[in-house]
Structure formats: structure tokens, C-alpha cells
Amino acid sequence: MSAWYRWDGPDLVMKLKLQPKSSRDAFAGPQNDRQRVCITAPPVDGKANTHLVTWLAGQFGVARSAVVIETGMTSQLKRVRVKAPSRLPDIIIPAHAS
């Protein structure tokens, strides 16, 4: 299992390092105990957080309301919960896989 995410029942909890104002939206690889996430939105007026939630909802096949930034609203370092994801990007190992 990776150090940057864990399963909490049906929910996925991730530790992310956000890199705003990137050229594209993407998972950019691990950095220490976090996953770097590049997004195109700038870090002003909550735009980066809103964009992150929308992008993650699309990646995991859930509604935006199912993606919650638990910590780090004003920081690049965030803990994000995805409630019961319906699909997983290749970087995530399903909870039932060992």
C-alpha cells in the first residue's frame, strides 16, 4: 500500500501536494508521503480548490459533493476524501486487491 492514500471503509483518503497553474491537469507522481497533483487553475480566490474537486470527481466517477478537502484549504498540502469512488485511476490499488 502507498503512504499517500488509505482506504477508510468505502472512502479513499489521499494526501496530496497541489501544483496550481500547471499546463495540464494530472497526477504527477509521488513526492515524499504525498501524491503531486498538477492543475491548471491559479491559486487565487479558491479557484484551485474548486478546480481540484471538480477534476478529482471526474477521475473517480463521483459527484463533486463526494470530494471533500478535509485539511489544507489554504495550503498546497491537502488531505482529500473521495466518498465511495465508482472508478479508480491506475495509480490507486483497489481496496480488495492485495
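Please refer to the structure placed before this passage.
To start, this report covers the structure provided alongside it.

Thresholds, definitions, all that
- Residues numbered from 1 in each chain as written.
- Predicted model: local features only at pLDDT ≥ 70, side-chain atom pairs only at ≥ 80, totals over all residues.
- Heavy atoms only, no water.
- Helix = DSSP H or I, 4+ residues; strand = E, 2+ residues; numbered from the N terminus.
- Rg over C-alpha atoms; globule rule 2.2 N^0.38 Å.
- Buried < 20%, exposed > 50% of the residue type's maximum accessible area, 1.4 Å probe, protein only.
- Areas by Shrake-Rupley, 256 points an atom, 1.4 Å probe, with all protein chains shown as cover.
- Salt bridge = Lys/Arg side-chain N within 4 Å of Asp/Glu carboxyl O.
- Pairing = 2+ DSSP bridges.
- Core = buried A, V, L, I, M, F, W, Y, C linked by side-chain atoms within 4.5 Å.

Attention now goes to the overall build of the protein. Along the backbone of the protein there are one helix and six strands. In the protein, the order of α-helices and β-strands from amino to carboxyl end is β-β-β-β-α-β-β. Against the globule reference of 13 Å for 98 residues, the protein gives a C-alpha radius of gyration of 12 Å, in line with a compact fold. Across its three principal axes, the protein shows a C-alpha extent of roughly 40 × 30 × 25 Å. Per-residue burial over the protein gives 40% buried out of 98 residues. As displayed, the protein has an accessible area near 5,600 Å², and 50% of this comes from carbon and sulfur atoms.

Moving on: the pattern of salt bridges. Two side chains bearing opposite charge may form a pair once their charged atoms approach each other closely. A full pass over the atoms with the stated rule returns five salt bridges. When the shortest N-O distance is used, the salt bridge between arginine 81 and aspartate 11 registers 3.2 Å. Taken together, the positions of arginine 81 in strand E6 (residues 77-82) and aspartate 11 in strand E2 (residues 11-19) put the pair 70 residues apart, joining distant regions of the chain. Arginine 81 gets classed as buried once you look at its relative accessible area, which sits at 13%.

What follows concerns the pairing of strand E3 (residues 26-31). For E3 and strand E4 (residues 34-38), the ladder comprises four bridges, and the chain directions are antiparallel. The residue bridging phenylalanine 27 from the neighbouring strand is valine 37, located in E4. Hairpin remark: E3 followed by E4, antiparallel, with two residues in the connecting loop; positive phi at asparagine 32, about 55°.

Attention now moves to the nonpolar core. Grouped together as the largest cluster of nonpolar side chains are 24 residues, with contacts concentrated most on Met14, Val37, Leu52, Leu56, Phe60, Val67 and Val80. Looking at this core, the elements that each hand over two or more residues are E2, helix H1 (47-60), strand E5 (67-71) and E6. If you tally residues by element for this core, the top one is H1, at seven residues.

Bringing the environment of serine 65 into the picture now. Relative to the helices and strands, serine 65 is located in the loop between H1 and E5. Each C-alpha atom, one on serine 65 and one on lysine 83, is 8.8 Å from the other, the two residues being 18 residues apart in sequence.

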